[in-house]
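# What the coordinates show
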Amino acid sequence: MTRVVVADDNPVVRAGLTALLDGRGGTEVVAEAADGREAYEAALLHRPDVVLLDVRMPGVDGLAALPRLVRVAPVMMLTYSGEDETVREALRLGARGYLVHGEFTVEQLVGAVREIGQGGSHFSVTAARALGVRAGAGAGAVAATSARVVPRSISLNPNEEASRMQPDVGQSSPGRRRETPLLRKGLGAHRLSRREVEVMELIAAGMSNQQIAAACFISEKTVKNHINRIFAKLHSNSRTQAVATWLGTRGVAG
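Residues numbered from 1 in each chain as written. Predicted model: local features only at pLDDT ≥ 70, side-chain atom pairs only at ≥ 80, totals over all residues. Heavy atoms only, no water.

## Remarks on the overall build of the protein chain
Just so we agree on the cut-off: Numbered from the N terminus, helices here are DSSP runs of H or I no shorter than four residues, and strands are runs of E no shorter than two. Partly exposed describes any residue whose relative accessible area lies between the buried limit of under 20% and the exposed limit of over 50%, with all areas from a 1.4 Å probe on protein chains only and scaled to the type maximum. In what follows, a contact means two residues having at least one pair of non-hydrogen atoms within 4.5 Å. Here, Shrake-Rupley sampling with a 1.4 Å probe gives the accessible areas, and only protein chains in the shown set may cover a residue.
Helix and strand counts for the protein chain come out as 12 helices and six strands. Burial analysis of the protein chain (254 residues in total) assigns 51% to the buried set. Once local pairs closer than 6 in sequence are excluded, the contacts in the protein chain between residues at least 24 apart make up 63%. Summed over all atoms, the accessible surface of the protein chain reaches about 11400 Å², with 49% contributed by carbon and sulfur.

Spelled out as structure tokens, the structure:
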């Protein structure tokens with residue numbers, strides 16, 4: 001079991017990530033945090049295998065918290081901030097991975113968490129480009145790139161905020177996704193797309209359209225379009241009917 005602390009100042013994003021990760025692929029979310037200080041306190045209390053850390057948070061932001069956090073648990077940045085300097089600074093301060101929202105699927109996120117928890121490293125496309133490594137990367141990526149990182153001065157005082165950066169949302173990267181029995185069943189029996197499978201799983205978890213949008217990093221309008229297509233493919237007129245069909249699919253697949 002990979003035990004995770006999720007740190008993000010947006011409560012909808014925190015709830016979405018928790019719903020996506022908890023109980024999936026041997027992952028357990030043991031705590032949530034709204035800033036770097038809370039993340040550090042949660043890490044001390046729960047001793048997780050991985051901390052997922054946003055960069056831009058009020059109070060103590062992710063970069064300011066990193067030097068202390070990495071002494072307690074491996075840290076993977078999970079953020080909208082994809083600037084080269086920010087990626088390199090996070091790595092210099094001890095982050096084991098860096099994912100930019102919009103550049104990974106749910107299964108890729110779960111796989112990245114597992115990889116970090118096992119001592120590896122993982123980078124989405126934008127971060128990998130900033131570091132000059134292959135997207136995804138491996139256990140040697142951090143060591144191989146550390147010497148190329150140009151240090152930038154940063155306050156380690158937890159009461160002092162680091163500089164705020166504007167979000168830079170990357171384009172989706174399809175990557176390779178591990179085939180699971182449930183995914184194969186959803187793609188086959190009901191002809192759902194990979195994204196529709198993800199959305200259907202979140203519907204079954206009881207999430208609202210707003211929460212699904214935040215978790216998948218898409219607009220609510222796009223979520224509604226996915227749901228309409230899912231209902232048509234599952235021959236359902238409501239969420240209740242769709243979930244009943246989906247849970248039946250799970251039963252067959254399991």
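Now that the structure has been shown, the text picks up again.
## Things to note about the pattern of salt bridges
Note the cut-off: Criterion for a salt bridge: a side-chain nitrogen of Lys or Arg within 4 Å of a carboxyl oxygen of Asp or Glu.
The full count for this structure, using the stated rule, is seven salt bridges. Close ionic contact of Arg24 with Glu107 constitutes a salt bridge, the shortest N to O distance being 3.0 Å. Here the residue Arg24 occupies a position in the loop between helix H1 (11-21) and strand E2 (27-33), and Glu107 occupies one in helix H5 (residues 106-117), the gap between them amounting to 83 residues. Under the relative-accessibility criterion, Glu107 is labelled buried at 13%. One network of salt bridges, with partners in common, ties together Arg24, Glu107 and Glu201.

## A word on the pairing of E2
Let me state the cut-off plainly: DSSP calls a pair of strands paired once it identifies at least 2 bridges connecting them. When the strands point away from the viewer and the path from the first strand over the helix to the second turns clockwise, the crossover is right-handed.
With five of seven residues buried, E2 is to be regarded as a mostly interior element. Here strand E1 (residues 2-7) pairs with E2 via six bridges, running parallel. Across the sheet, residue Val4 finds its bridge partner in E2, namely Val29. Regarding the hand of the β-α-β motif, the stretch spanning E1, H1 and E2 is right-handed.

## Quick word on the side chain of Thr18
To keep it simple, the criterion reads: Here a polar contact is taken to be a pair of N or O atoms separated by no more than 3.5 Å, where protein atoms must pair a possible hydrogen donor with a possible acceptor and residues adjacent in sequence count only if both atoms sit in side chains.
Locating Thr18 in the fold gives a position in helix H1. Only 2.8 Å separates the side chain of Thr18 from the side chain of Glu32, close enough to count as a polar contact.

## A few points about helix H4 (residues 84-92)
An α-helix turns once per 3.6 residues; consequently, residues spaced three or four apart project the same way. Thr86, Val87, Glu89, Ala90 and Leu91 are the residues of H4 that are buried. Looking one or two places after H4, you find Gly94, whose phi comes out positive at around 115 degrees.

## As for the pairing of strand E4 (residues 75-79)
Most of E4 sits inside the fold, with five of its five residues counted as buried. Neither face of E4 is exposed, since Val75, Met77 and Thr79 on one face and Met76 and Leu78 on the opposite face are all buried. In this sheet, E4 lies alongside strand E3 (residues 50-53) in parallel orientation, the contact comprising three bridges. Of the residues in E4, the one forming a bridge with Leu53 is Met77. In terms of handedness, the path from E3 via helix H3 (residues 62-69) over to E4 forms a crossover that is right-handed. Two elements, E4 and strand E5 (residues 97-100), share four bridges in a ladder whose sense is parallel. Counterpart to Thr79 in the pairing with E5 is Val100.

## As for the side chain of Thr126
Structurally, Thr126 can be placed in helix H6 (residues 125-131). Exposure remark for Thr126: the relative accessible area of 14% places this residue in the buried category. At 2.3 Å, the side chain of Thr126 forms a polar contact with the side chain of Glu103. In this structure Thr126 touches Gly82, Val100 and Glu103, once residues within four positions along its chain are discounted.

## Observations concerning the confidence of the model for the protein chain
Atomic detail in the predicted coordinates should be set aside for any region of low pLDDT. The following threshold applies: pLDDT is a residue-level measure of predictor confidence that goes from 0 to 100.
When the pLDDT values of the protein chain are averaged, the result is 78; 75% of them are 70 or greater. For the protein chain, helix H7 (residues 141-146) is the element with the lowest average pLDDT, namely 48, and E3 is the one with the highest, namely 97. Per-residue pLDDT stays below 50 along residues 143-180; that stretch engages in 83 contacts with residues further than four places along the chain or on separate chains. This stretch, residues 249-254, has a pLDDT under 50; its non-local contacts, to residues over four places away or in other chains, come to eight contacts.

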